[in-house]
2 protein chains.
Amino acid sequence: MNCINEQMYGYGSSRSVIRDQYEYGRKRRAEIGDDNLFDFSLGNPSVPTPSALRDCVMSLLDETDSLTLHGYTSAQGDFNTRKAVADNLNARFDAGLGPDDIYMTCGAAAALSITFRALNDSNDEIIIFAPYFPEYKVFISSAGAVPVSVPFVEKDFQIDLDAFRATLSPETHAVVINSPNTPCGVIYKESTLLELCAILREKSAEYGHPIYIVSDEPYREIVYNGEAVPFIMNLYPDTIMCYSYSKCLSVPGERIGYVAVSPRASDASRVYAAVCGAGRALGYVCAPSLFQKIIERLPGVMPDIEVYRRNRDLLYGSLSEIGYECVHPDGAFYLFIKSLEPDAVKFSLRARDFDILLVPAGSFGAPGYARIAYCTDYDRIRRSIPAFKALFESYR
Amino acid sequence: MNCINEQMYGYGSSRSVIRDQYEYGRKRRAEIGDDNLFDFSLGNPSVPTPSALRDCVMSLLDETDSLTLHGYTSAQGDFNTRKAVADNLNARFDAGLGPDDIYMTCGAAAALSITFRALNDSNDEIIIFAPYFPEYKVFISSAGAVPVSVPFVEKDFQIDLDAFRATLSPETHAVVINSPNTPCGVIYKESTLLELCAILREKSAEYGHPIYIVSDEPYREIVYNGEAVPFIMNLYPDTIMCYSYSKCLSVPGERIGYVAVSPRASDASRVYAAVCGAGRALGYVCAPSLFQKIIERLPGVMPDIEVYRRNRDLLYGSLSEIGYECVHPDGAFYLFIKSLEPDAVKFSLRARDFDILLVPAGSFGAPGYARIAYCTDYDRIRRSIPAFKALFESYR
């Protein structure tokens, strides 16, 4: 007999398809050299961190007493950091947030895990929309709730609202929105969201309890051509926003982000207290102190997304021209393409023959598609085009 | 009807006795000035971070590409960091650890939460020894397990081994050891631990499953007069060590620590995988990247504990002389004293009249005692002695 939790063992020992590509890439790189491998499997920012961040660390080291700089903050986060975050959101979106609506976290994964735990008891349902970030299912199940997925509209990758309506039940406690979307880069249109909110209002009234929107927005700042990303908290009161600075500051390893509870949410102060309690219960004492102080000083620093835009334009243009069916990405740094055979896993394996590493999207809830992460260097994308062409022609 | 988790709401809205003293202290400080308040309520390191840490950050910023410095590490932690940690433990304790036995975490609270989750299913029992860190109960309950406490021997604050034996059951999956101990500063003697391990071996055989020791060691480096802190992993194979750099590097806000799974544990590789899985399930993507790289470069930096030792000697000597019954602390930075009346909460309230802030130890499983955190400046301790004397005399 053994004494470990089998579900946790499963989470720790099962190798995700992304991890599998990563391991294959490591081996293949050793054989043919990094330059010759077209690895589009990982969603790691490729734009250097803003130089302001480095300068900020230097000044903090100079100006701040070490015990303050690296000391505990309050569990919800340093007051000045929370104020800077709230002020920034208010200035940009007229959000009406105060410091006590913000809870600083170790990145978006922590923010989501904490929020799911705060909102749910056993067997509550949380709705996710395909294509979705696969870890949602892990975080939701780990909170004791049940993830239920709703399909997308194949034409434009917006939410299938009829299917959504049919999926809601009195057990539904929350709905996760992720726009710009991982893995397909689509931004949900305001019209889609308004209709979704209308359905939620109707069903909340029918069920007699709020259905919260958990808005996961790590790519909010990575949008092209000025597309508007609707600020969901302003469309629907029962909204909890989860944010990470990983992508916008290119600091994914530093684990800094926040939960923002709309002050207009039902029982907002109770929801906020439950968020604090869930953070405590999961072992999050406070978000990393130095990075909280960086956020306090740089709340409005925006990433240099020109690099990603150039990558997107080159890749989307070239692959479309070759004949691939591509979903046009308005944000994030992913291109979603239709697999050239029904089984996207086989397609991704064949792509390996051309030294292209993709991620088949079955685990994202979109079988038949593959994800290309174009957060890599422009020249590598340029050199990969003939390989994509040869892959395409291999299906003729 | 509401849609939040009531247990989490409870964790987030109940004010701990430490928090209560903190809030009182904030108000009182405004009234009488910081210099006149003898606040011994918080366990925040008071020794500045070693200058080597600041230098290390500067060199890392100079020498390391920003995407590497702040990028994702693997979920278990950067290989070089894990190797440095393992090498350091091997050099000091001949621990036989490899990099793949180490899992880097966001501090000890995360390490404990992850370990409890990895080892337990619903209703398993985890034994804790009074006096204990109150958050153990939160972390254990949150992992779905049941915390069961065992009393201490009043004479020397060692473990009551008869009570321990009587508390073990087939449902016991783990036992938490914390030495040097929070909140009383006592180091468990090797003889105590050897006997405890013998009982665990006997009961593991009887129940047909391993009973793990979870060894929580954030104060390992803070010991005085060269007292030996037995390295539990070398005494008992089924040991999982949880460590934090918060105290030894004075960086409690940065959240950096690790789990070390003994390679001699039953099913060690499965336990390690479950630890990885639990980290994933709780939303811990990786430990903060910059601080992982600092640990890689400074694995053996030791704190300047001379400051704490002087504080201890002054406080222990003076309070004993006044007449307080004090537990002699061999490590950590806490002094445990016997309350001057049966109810330590009332005693702590009366101490406020003398502007002394203590923590009554009921929530530590030791009613009738109070904790004095002497991680403060020497001069404040010196100035507090007359107040302690007046408090003592008020009970004549």
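Since this is a predicted model, take the numbers as computed values, not measurements. (Residues numbered from 1 in each chain as written. Chains lettered and ligands numbered in written order. Predicted model: local features only at pLDDT ≥ 70, side-chain atom pairs only at ≥ 80, totals over all residues. Heavy atoms only, no water.)

Draft legend 1. Representation of the packing of aromatic side chains in the model. All names here are of chain A. Under the criterion given, the structure shown has 39 aromatic pairs over all chains. Summarising the aromatic geometry, the rings of Tyr324 and Phe388 are spaced 6.0 Å apart at their centres and angled 90° between planes, so their arrangement reads as edge-to-face. Residue Tyr324 is located in the loop between helix H12 (306–322) and strand E9 (326–327), and its partner Phe388 is located in helix H14 (residues 378–393); the two are separated by 64 residues in the primary sequence. In this structure an aromatic cluster arises from ring pairing among Phe40, Tyr324, Phe388 and Phe392. One cation-aromatic arrangement involves Arg350 over Tyr395; the distance from NZ or CZ to the ring centre is 3.8 Å. (Phe/Tyr/Trp six-rings, centres within 6.5 Å; stacked < 30°, edge-to-face > 60°. Helix = DSSP H or I, 4+ residues; strand = E, 2+ residues; numbered from the N terminus. Lys NZ or Arg CZ within 6 Å of the ring centre and 35° of its normal.)

Draft legend 2. Expanded view of the nonpolar core. Within the largest apolar cluster, 108 residues are counted, with the highest numbers of intra-cluster contacts made by Phe116(A) and Phe116(B). Excluding residues that lie within four positions of it along the chain, Phe116(A) makes contacts with Ile126(A), Tyr136(A), Phe139(A), Ile140(A), Ala143(A), Val176(A) and Val214(A). Formed by 64 residues, the second largest nonpolar core is a distinct cluster that contains Leu69(A), Leu89(B), Tyr245(B) and Ile295(B). (Core = buried A, V, L, I, M, F, W, Y, C linked by side-chain atoms within 4.5 Å. Buried < 20%, exposed > 50% of the residue type's maximum accessible area, 1.4 Å probe, protein only. Contact = heavy atoms within 4.5 Å.)

Draft legend 3. Spotlight on unusual backbone geometry. All names here are of chain A. That bond from Ala130 to Pro131 is cis: its omega, -10°, falls within 30 degrees of zero. Mapped onto the elements, Pro131 comes out in the loop between strand E3 (125–129) and helix H7 (135–142). Cis geometry marks the peptide bond from Ser179 to Pro180, where omega comes out at -5°. Positionally, Pro180 belongs in the loop between strand E5 (172–177) and helix H9 (190–207). Residue Arg255 is not a glycine yet carries a positive backbone phi of 60°. Structurally, the position occupied by Arg255 is in the loop between strand E7 (239–244) and strand E8 (257–261). Judged by its relative accessible area of 3%, Arg255 is buried.

Draft legend 4. Seen up close, the relation of the copies chain A and chain B. Its rotation angle being 180°, the transformation that places chain A on chain B also includes 0.0 Å of axial translation and leaves an RMSD of 0.0 Å. In the structure described here, the two chain copies are related by an operation that fits a two-fold rotation axis. If distances are taken from each C-alpha of chain A to the rotation axis, the shortest is found for Leu282(A), at 3.3 Å. (Least-squares fit on C-alpha atoms with pLDDT ≥ 70 in both.)

Draft legend 5. Broad picture of the interface of chain A and chain B. Every contact between the two is made by 76 residues of chain A and, on the other side, 76 residues of chain B. Interface of chain A and chain B: buried area, both sides summed, is about 6,400 Å²; carbon and sulfur atoms make up 55% of it. The largest contributions to the chain A side of the interface with chain B come from Cys3(A), Tyr72(A) and Arg280(A), which together make up 12% of the buried area. In this structure, the connection of chain A to chain B is made through six salt bridges. For the salt bridge of Glu6(A) with Arg270(B), the shortest nitrogen-to-oxygen distance reads 2.7 Å. Here chain A is connected to chain B by 39 residue pairs in polar contact (both at pLDDT 80 or more). Going through the elements one at a time, helix H1 (6–13), helix H3 (51–63), helix H4 (66–69), helix H6 (107–119), H7, helix H10 (268–281) and helix H11 (289–297) of chain A are the ones with two or more residues in the side of chain A that touches chain B. Across the side of chain A that touches chain B, the residue classes break down as 41 nonpolar, 23 polar and 12 charged. (Buried area = accessible area lost by both parts, 1.4 Å probe. Salt bridge = Lys/Arg side-chain N within 4 Å of Asp/Glu carboxyl O. Polar contact = N/O pair within 3.5 Å; in protein donor to acceptor, adjacent residues only side chain to side chain. Nonpolar A, V, L, I, M, F, W, Y, C, P; charged D, E, K, R; others polar.)

Nothing here speaks to function; it is all geometry.
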